[in-house]
Every structure is written in C-alpha cells, then in structure tokens.
Amino acid sequence: MEKVFIELIKQLNSSVFILLGVVFGAFIASWKLSTFIATWKTKHQHHETALDKIEKKIDMIPAMSGKLELIYNNTLRQPVVASHSPIGLTDFGKKIATNIKADGFVDRHYNLFLDCLGVDYQRLNAFDIQKSLFSYIGGEFKESKP
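From a predicted model like this one, the values you see are computed outputs, not experimental measurements.

How should the packing of aromatic side chains be read in this particular structure?
Pairs of aromatic rings are described using the distance from one ring centre to the other and the angle between the two planes. Tallying each qualifying case throughout the model produces 1 aromatic pair. Where Phe105 meets Phe113, the ring centres are 6.3 Å apart and the plane angle is 55 degrees; that geometry is what we call tilted. Among the residues examined, Phe105 registers a relative accessible area of 28% and is labelled partly exposed. Assessed through its relative accessible area of 9%, Phe113 is described here as buried.

Dropping the structure here:
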C-alpha cells in the first residue's frame with residue numbers, strides 16, 4: 001500500500017492532492033452544515049406552531065370580551081349604572097364605589113381631570129364632561145404619571 005502512494009506521488013503533481021483535499025473538505029463541510037440545519041429546523045419547528053396557536057387565540061380576544069360583557073350584564077342581578085345618559089350610579093354602584101374608594105382616586109387626580117376638560121369646563125354639560133373624561137381615562141390617562 002505504501003508503494004502505491006509513493007508511485008502516485010511521483011506521477012501526480014502535489015497540487016492535485018491539495019485540490020482533492022479541498023474538494024473532500026468542502027464535501028464534508030457541506031454535509032455537516034446540511035445536517036446541522038436540518039436538525040435545527042426540526043428542533044425549533046414547534047416554535048412556529050406555538051406562535052400560530054397564540055395568534056389564533058389573540059384573534060379570539062375581542063369576541064371573548066364581548067361575550068364576557070354580555071354574560072356580566074345578563075347575570076348581574078343588581079345593575080351598577082343607571083341606563084340613562086350621562087351615566088349615573090345606582091345604589092349598588094355607589095356601594096361598590098365606596099368599597100373600592102373611588103372618591104380617593106378622583107381626589108388624587110382631580111387636577112388632571114380639570115386639565116383634560118379645558119379652561120371653560122364650567123360651560124360644558126354633563127354629557128360632554130362624561131365623554132371627555134371617558135376618552136381621557138381610556139387613553140391618555142394610562143400614559144401619564146400622577
């Protein structure tokens with residue numbers, strides 16, 4: 001066997017051996033890379049399926065919140081708010097407001113609410129005040145720091 005290699009070395013140029021080594025090395029490297037990519041894809045494929053499931057559940061949230069509100073309104077024996085505009089609290093609603101100390105919340109943020117209504121807030125009717133405060137509390141109030 002040794003004599004065969006010696007004869008090959010004598011007959012072939014050393015650059016041919018280098019070329020064969022490079023080709024063989026490239027083949028091995030591409031084979032290892034393809035097996036690594038295949039195992040990585042199979043290992044992390046569950047992430048894509050999990051994200052798909054989460055996206056489907058996120059799409060269901062608005063429908064679920066509507067159903068939850070419907071269930072809440074239909075099962076609550078004592079309504080919290082009166083059914084006229086502007087919204088007023090019923091006796092049960094006043095009891096809940098007392099239990100959660102809503103007046104303290106209003107007292108702490110009174111100046112923010114006045115800023116929301118503007119300088120001539122005394123000219124506004126109750127419906128306009130309610131509308132302004134609902135939009136303020138629903139959006140900007142979440143971002144402001146007391």
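Sorry if this is basic, but what is going on with a nonpolar patch on the surface here?
A cluster of nonpolar side chains, namely Phe24, Phe27, Ile28 and Trp31, defines an oily patch on the protein surface of about 450 Å² accessible area. Inspection of the secondary structure assignment puts Phe27 in helix H2 (residues 14-43). Classification of Phe27 by relative accessible area gives exposed; the value is 53%.

Definitions and limits used
- Residues numbered from 1 in each chain as written.
- Predicted model: local features only at pLDDT ≥ 70, side-chain atom pairs only at ≥ 80, totals over all residues.
- Heavy atoms only, no water.
- Phe/Tyr/Trp six-rings, centres within 6.5 Å; stacked < 30°, edge-to-face > 60°.
- Buried < 20%, exposed > 50% of the residue type's maximum accessible area, 1.4 Å probe, protein only.
- Patch = residues over 30% accessible without salt bridge, like charges linked within 9 Å, V, L, I, M, F, W, Y side chains within 5 Å.
- Areas by Shrake-Rupley, 256 points an atom, 1.4 Å probe, with all protein chains shown as cover.
- Salt bridge = Lys/Arg side-chain N within 4 Å of Asp/Glu carboxyl O.
- Helix = DSSP H or I, 4+ residues; strand = E, 2+ residues; numbered from the N terminus.

Spatial relationships are all this shows, so hold off on functional conclusions.
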